[in-house]
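Listed below, chain by chain, are the residues.
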Amino acid sequence: MTSLDKENKRSLIVVTLSLISVIGINITIKTNDKTIFGNSLYSLLAFIAIFLVINKSSKIPRTKRKNVISLILGITISICLILGRNTLLFDDTQIFKLKTWLKVLMVTPLWVAIDLMLFSIKIKVNYHNPYILKLKNYFSTKKGLFTLWVLTIICWLPYLIIFFPGIYGYDGPFQVQQFLTHKITTHHPFLHTALLGITVGKLGGDSKWWLGLFIYSCIQLLIFSFSLSYLVNYISKHTKSFCLPIITLLTFLFVPFYPIMAITTTKNVIFSALFIILEIQLFSFYNKISRKQELLFLIVSFLAMAFLKQSLYVYIISVIILAFLLRNNRKKLITLSIISVAFFAVFNGPILSMLNVVNSNSDTFKEALSLPECQISRAVVRHPKVYSAEIDKVKKYLPDYQKYEPLESISDPVKSTFNSKLVKDKPIEFLKLYWQIGKKEPQEYINAFCKLSVRLWDPDMNDDTYLYEPYWETEGLAKLPGQKEGQRVSKIQREIQTFSNNRDYEKIPVLSLLFSAGLPFFIMLIGIASVWQDRDRKNLMLYVMPFIFWIFLLIFSPVILLRYVLPLISMEGLLLMPILNKMFFISYNKKYS
């Protein structure tokens, strides 16, 4: 009788939590119209599904460590979703309102239950089909790597033809102009500016204006496609899930932004390729590495820093953390890292000076302070009467603070005239002003932070509201050197541009998340929680550099566009691997194993 009463109480609690979760979903989805989901038969289906999940999780054997980690993870995910939704709908996180935290509590039970399921579920993988096993094994070989590379190139070639000779966008036109006028600065990576200058600037021009950009597009397409093929090859070697490398490959082949980014003039594509290879090489230090791997690590480390200067700090912090996690190869990792940083320091200093490359530290400093620039501007713009005494001081540092609106999700309007010299001369005075303004209206500092970074931590956010650029570009910003007339836009090219600019991908359930800048963060959260729970040092290493890179984007990025998060989005399959490896155990057919 006692056990029956206990079971009834458990069932009542599960039903109550399921109902609360359904109501929570209804009032936290991306709309103010609560009847869309609430007054629908789909809410009943959602209730049944949520009940099954919470009921199953309530029966899972648990430890105190698993409970605490699942609870922290569930609350974190719930907070991100609620604050992201409020930012999108109201331009205000409403973080100091009680109803915001009640909504967080309402959806937390569902996410805690999901986390418990993810940490506990075991799935048997039967490799009884010889063709499936052979294909997985083939993908993990050198021949398989070459096949994956060729297959990726073949699937991407139609985009090169459609957008021939490439997409002359982002900072590409400015970099080519710097190269041609011999006024190269370190604001953009020298190696990328030189590559653009030699191809687009020198090889193109006159009647063959298309040739240079075509050569550049081909080089970048080959580099990026190889790195993604290398990633699929690595996953195939180490995953227990056959579906993971296949789905990862299909994503690279058919999600349109991959081939489009591959033929677009931005440094972030080649950097993404280098970042992927570097991540795999760093992870390899857990085992014995060869001389060849050491040399590859040195080269890729240097090139990654050379193609994105901020990655120097990501690299150093990551190596320090990885050195603590490693038991073997610690000295080797530190030694090789010091050598690569030294090479970069020599290249970035004396060598670039010899080449007459102008140092643009002021631009870097302005960009690094994008967040406080937006926070101060938002507070003063939204509450001018409150800050009447501070406005004159604010103008000294931010002459264009009023331009914060309407472009709230990018720092450029206020960043461009930011007085970085005054900040360097009087840093304490600036910090005092920052504190004084934030103390009066702290919610505006939080709102400015969320408006600038929400795409990074809320997978639902792809909306281009208050941005002057699309999430990913599909058309050039300027004519190529020597080009006399603008390119004609074909019908299929126009369709692809519409798909991108109108964000039609957001209308596709589930698959739209492949475009999300926030999904990698959620995957990393779950992955880190999973390996932390198991005290798994090896797989924790996998998340170190991507997470440090994500933190740098969160704090220092002037805007969140696809090109900035391309390294993380491209690595989603790799980040999922430890989570799935924990869930799956393999059963081989002895005849074929």
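The coordinates are above.
How each quantity is defined
- Residues numbered from 1 in each chain as written.
- Predicted model: local features only at pLDDT ≥ 70, side-chain atom pairs only at ≥ 80, totals over all residues.
- Heavy atoms only, no water.
- Axes fitted to C-alpha atoms, helices over the stretch in contact; angles between N-to-C directions.
- Helix = DSSP H or I, 4+ residues; strand = E, 2+ residues; numbered from the N terminus.
- Parallel < 35°, antiparallel > 145°, perpendicular 65-115°, else oblique.
- Left-handed = near helix turned anticlockwise from the far one by under 90°.
- Contact = heavy atoms within 4.5 Å.
- Nonpolar A, V, L, I, M, F, W, Y, C, P; charged D, E, K, R; others polar.
- Phe/Tyr/Trp six-rings, centres within 6.5 Å; stacked < 30°, edge-to-face > 60°.
- Lys NZ or Arg CZ within 6 Å of the ring centre and 35° of its normal.
- Core = buried A, V, L, I, M, F, W, Y, C linked by side-chain atoms within 4.5 Å.
- Buried < 20%, exposed > 50% of the residue type's maximum accessible area, 1.4 Å probe, protein only.
- Expected span 1.5 Å × (residues − 1).
- Salt bridge = Lys/Arg side-chain N within 4 Å of Asp/Glu carboxyl O.

1. Thoughts on the packing of helix H15 (residues 311–325) against helix H26 (residues 537–556)
In a pair of packed helices, the angle between the axes and the distance between the axes together describe the arrangement. Between H15 and H26, the least distance of the axes is 9 Å, while the angle of their chain directions is 160 degrees. When the axis of H15 is compared with that of H26, the two are roughly antiparallel. For the crossing formed where H15 meets H26, the hand is right-handed. Listed contacts from H26 to Tyr313, Val314, Ile317, Ser318, Ile321, Leu322, Phe324 and Leu325 of H15 are Arg537, Leu540, Met541, Val544, Met545, Ile548, Phe549 and Phe552. Across the contact of H15 with H26, the residue classes tally to 14 nonpolar, 1 polar and 1 charged.

2. Things to note about the packing of aromatic side chains
Evaluated as defined, the whole model comprises 30 aromatic pairs. Both rings, one in Phe190 and one in Phe347, keep their centres 6.4 Å apart while their planes meet at 55 degrees; by these two values the pair is tilted. Here Phe190, found in helix H9 (residues 190–203), pairs with Phe347, found in helix H16 (residues 330–354); they are 157 residues apart in sequence, far enough to count as distant. Among the aromatic residues, those joined into a cluster by ring pairs are Trp156, Phe224, Phe252, Phe257, Tyr258, Trp472, Phe499, Tyr505 and Phe515. Sitting above the plane of the Phe365 ring, Lys424 keeps its charged end 5.1 Å from the centroid.

3. Examining the nonpolar core
Of all hydrophobic cores here, the largest spans 126 residues; its most connected members are Phe224, Phe257, Tyr258, Trp457, Trp472 and Leu574. Core analysis: the second largest hydrophobic core is formed by 23 residues, Leu369, Leu371, Tyr404 and Tyr445 among them.

4. Observations concerning helix H28 (residues 572–583)
Over its 12 residues, H28 extends 17 Å from the first C-alpha to the last, a length consistent with the 16 Å expected when each residue adds 1.5 Å. The buried fraction of H28 is high, at 11 of 12 residues. Every buried residue of H28 is listed here: Glu572, Gly573, Leu574, Leu575, Met577, Pro578, Ile579, Leu580, Asn581, Lys582 and Met583.

5. Here we look at the pattern of salt bridges
In total, this model carries 19 salt bridges according to the counting rule given. In this structure, the salt-bridge partner of Lys332 is Glu294, at a minimum N-O distance of 3.1 Å. With Lys332 in helix H16 and Glu294 in helix H14 (residues 291–307), this pair connects stretches of sequence that are 38 residues apart. In this structure Lys332 comes out as partly exposed when scored by relative accessible area, which is 30%. Residue Glu294 is classed as buried on the basis of its relative accessible area, which comes to 11%. For the salt bridge of Lys421 with Asp425, the shortest nitrogen-to-oxygen distance reads 3.1 Å. Taken as a pair, Lys421 and Asp425 lie in helix H21 (residues 420–425) at a separation of 4 residues, close to a single helical turn. Through salt bridges with shared partners, a single network forms among Asp91, Arg378, Arg382, Glu405, Glu408, Glu444 and Lys451.

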